Amino acid sequence: MLTPPPNPLPIHREGESSEHALIETRDLVKAYGLLPVLRKINVQIQRGEFVALLGPNGSGKSTLLRQLAGLSKPTAGQILVGGWSLPDEADAVRAQIGLVSHKPLLYENLTARENLRFFAKLYGLAGDEREQRIDSLLKQVGLYKRGFDLVRTYSRGMLQRLSIARALLHEPDVLLFDEPYTGLDQDAATVLDDLLITAHESGRTIVMATHQLERARRLASRVVILSRGGVVYDDVMEHIARAQLAAIYSDATSMAAAR
Amino acid sequence: MKTSFLTVVVAIVAKDLRAELRSRELISAMVLFALLSILIFSFALELNRIAREEAVTGVLWVTVSFASILGLSRSLAMERDQGNLDAMLMAPVARQAVFFGKLVGNFIFALVVGLLLLPLMTVLYNKILVVPWLLLILILGTLGYTTVGTLLATMTVQTRSRETLLPILILPVALPVLLPAVRASTGILSGVPRAEWIDWPQILIVINVIYIVLSYLLFEYVIED
Ligand SMILES: Nc1ncnc2c1ncn2[C@@H]1O[C@H](COP(=O)(O)OP(=O)(O)O)[C@@H](O)[C@H]1O
Ligand SMILES: [Mg+2]
């Protein structure tokens, strides 16, 4: 449905070619009042990457994800997704992005189907196309049989799966996850692992904020560590030896804390 | 490409009505409060029949406005607490369509309470309230009030002290709606010639238009941080 803008802005930064970056932030700053929460973030994410966004509580992970989702305006700097820029072309950016948070983003007094149908309407889906999409998503996340049950009767794991179905309604290229493992038991976490792997294998680009280093190491293709609103580490997973991630994480975050 | 304004408004209203029909969370709290309110005022004014008849419009509007606060804060809390507002705003929808969607739902709930009060108070207060003109004022008054209320509830629902902040803010801000609504209602029920109170409904319409336009312009800033 969306074609790239006629004249994508040329992107060149210090010899690093980023013409193919799907997501790019340039000197992104977000401040609440006088308090800077993100300080000049520069990241480039290629199509198909699975980025684990790590960092202590309050380091700015959720704020960065909300920026990428176009839910909050940057104080300074730029965000580009698929060549479209925020906040001016927010609708085009949002069309490519699905967000799954640790909050369910669902209505508990509606059934799973009613929830999906409501959000599908907001995406302009209608008729048979909408119903077929809903059927297929419910099957994908293993909730087809529970589709007519009220969401308030769902377990935490089921909520999270329905939340993923909701985020996939408009078939976005990019999926943002904000601590999706919060409150999940072992089984539910394993199911979520599988959904993440499937989404990644189907070509989606994923950015996931998490505290689970071992999961990040297993699932992600790249690690970005935030501390106090700045990127303190950024490398692909192949460069990180087994069992090294924990050491990198504690070094990176403690160095930033000492500054 | 944005989803059409009307589609979004209708989807939100339908969703709110469906959820409410199922749980009756909002309406039951609002109606219970409204019943208690008119009963308590009725007891308080028991001894003086004339005072009771004269106070009737005041009681009506105090009751409708406080009952509406209950509905307004629940209705927006439902969007905020589970993050649903974010999920709506992620879709290619006009921000104002989200506002009008929430407004229409809130307006319907407030109006239902008001419509229930008219016959009940007719019995309790010994004064016929089910008259066409008063119905019109009720519609205009609750529309203006819930317009202000939907905007303010969206603002305050993000704060920690939202339960106290909404009532404190809404009453002064909604005064330009409540005042002409009370004046018009009193005029209608007092049986004086229409010429003596017909200005008030007109003022009420103008204020409604101003508030709806202002909310339309401001809503975007209220929801984005
Ligand atoms: N709406 C807001 N207003 C003011 N400060 C905020 C707001 N949202 C987040 N913050 C602050 O920004 C910092 C980063 O928060 P957040 O992005 O949630 O961190 P993380 O998700 O990494 O735990 C915190 O210090 C938090 O208090
Ligand atoms: Mg967070």
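Keep in mind that this is a model prediction, so the values were computed, not measured.

Which residues make up the nonpolar core, and what are the values?
Counting 107 residues, the largest nonpolar core has Leu122(A), Leu162(A), Leu176(A), Leu196(A) and Met88(B) as its most contacted members. If one sorts the elements of this core by residue count, helix α5 (residues 156-168) of chain A sits on top with 7 residues. Viewed by domain, this core spans two of them, domain 1 (23-96 + 174-258) and domain 2 (109-171) of chain A, each represented by three or more residues. Discounting residues that sit within four places of it in the chain, Leu162(A) has contacts with Leu106(A), Ala112(A), Leu116(A), Leu138(A), Leu143(A), Val151(A) and Tyr154(A). The next biggest cluster of nonpolar side chains, apart from the first, holds 46 residues, and it includes Ala77(B), Leu117(B), Tyr145(B) and Trp197(B).

Residues and numbers for the domain arrangement of chain A, please.
All names here are of chain A. On domain assignment, one finds that chain A holds domain 1 (23-96 + 174-258) and domain 2 (109-171). Put simply, the middle of domain 1 and the middle of domain 2, counted by C-alpha atoms, are 25 Å apart. Taken together, the 13 residues of domain 1 in the interface contact 11 residues of domain 2. Both sides of the domain 1 and domain 2 interface together cover about 880 Å² of buried area, and 71% of this is carbon and sulfur. The interface formed by domain 1 and domain 2 contains 0 salt bridges. Across the domain 1-domain 2 interface, the total number found is 2 residue pairs in polar contact (both at pLDDT 80 or more).

Let's hear about the interface of chain A and chain B: which residues, and what values?
How big an interface is tends to be expressed through the accessible area that disappears when the partners come together. Every contact between the two is made by 29 residues of chain A and, on the other side, 30 residues of chain B. Both faces combined, the contact of chain A with chain B buries some 2,800 Å², and carbon together with sulfur accounts for 57% of it. One can count 5 salt bridges joining chain A with chain B. Between chain A and chain B we count 14 residue pairs in polar contact (both at pLDDT 80 or more) in total.

I'd like to hear about the side chain of Ser68(B), residue by residue, with values.
Residue and element names in this part refer to chain B. Its location among the elements puts Ser-68 in helix α3 (residues 49-81). When its relative accessible area of 3% is taken as the criterion, Ser-68 is described as buried. Sequence-distant contacts of Ser-68, defined by excluding residues within four places in its chain, comprise Met-30, Ala-110 and Tyr-145.

So what about the site of ligand 1? Which residues, and what values?
Residue and element names in this part refer to chain A. Around ligand 1 lies a shell formed by Tyr-32, Val-37, Pro-56, Asn-57, Gly-58, Ser-59, Gly-60, Lys-61, Ser-62 and Thr-63. Take Gly-58: an N or O atom from its main chain is 2.7 Å from an oxygen atom of ligand 1. At a separation of 3.0 Å, an oxygen atom of ligand 1 approaches a polar backbone atom of Gly-60. In the complex, 59% of the free accessible area of ligand 1, which totals 560 Å², lies under the protein chains. When residues in the shell around ligand 1 are grouped by element, the largest group, 3 residues, is from helix α1 (residues 61-68). In terms of residue class, the shell around ligand 1 is built from 3 nonpolar, 6 polar and 1 charged.

Break down the sheet that holds strand β5 (residues 50-54) of chain A for me, with residues and values.
All names here are of chain A. Across the sheet, 6 strands lie side by side as β8-β9-β10-β5-β11-β12; this open sheet has mixed pairing. In this open sheet, the two edge strands, each paired with only one partner strand, are β8 (97-100) and β12 (230-236). Going from strand to strand, the sheet's axes swing by 15° on average, the running direction of each strand aside. In this sheet, β12 lies alongside strand β11 (residues 222-227) in antiparallel orientation, the contact comprising 6 bridges. What sits directly across from Ile-225, in β12, is Tyr-233. Against the sheet, α1 contacts β5, β8, β9 (174-178), β10 (205-209) and β11, and its axis sits at roughly 155° relative to β9. Across the sheet, α5 lies against β8 and β9, angled at about 165° from β8, the strand it touches most.

Basis of the calculations
Residues numbered from 1 in each chain as written. Chains lettered and ligands numbered in written order. Predicted model: local features only at pLDDT ≥ 70, side-chain atom pairs only at ≥ 80, totals over all residues. Heavy atoms only, no water. Core = buried A, V, L, I, M, F, W, Y, C linked by side-chain atoms within 4.5 Å. Buried < 20%, exposed > 50% of the residue type's maximum accessible area, 1.4 Å probe, protein only. Helix = DSSP H or I, 4+ residues; strand = E, 2+ residues; numbered from the N terminus. Domains from an automatic or database assignment. Contact = heavy atoms within 4.5 Å. Buried area = accessible area lost by both parts, 1.4 Å probe. Salt bridge = Lys/Arg side-chain N within 4 Å of Asp/Glu carboxyl O. Polar contact = N/O pair within 3.5 Å; in protein donor to acceptor, adjacent residues only side chain to side chain. Near = heavy atom within 4 Å. Areas by Shrake-Rupley, 256 points an atom, 1.4 Å probe, with all protein chains shown as cover. Nonpolar A, V, L, I, M, F, W, Y, C, P; charged D, E, K, R; others polar. Pairing = 2+ DSSP bridges. Axes fitted to C-alpha atoms, helices over the stretch in contact; angles between N-to-C directions.

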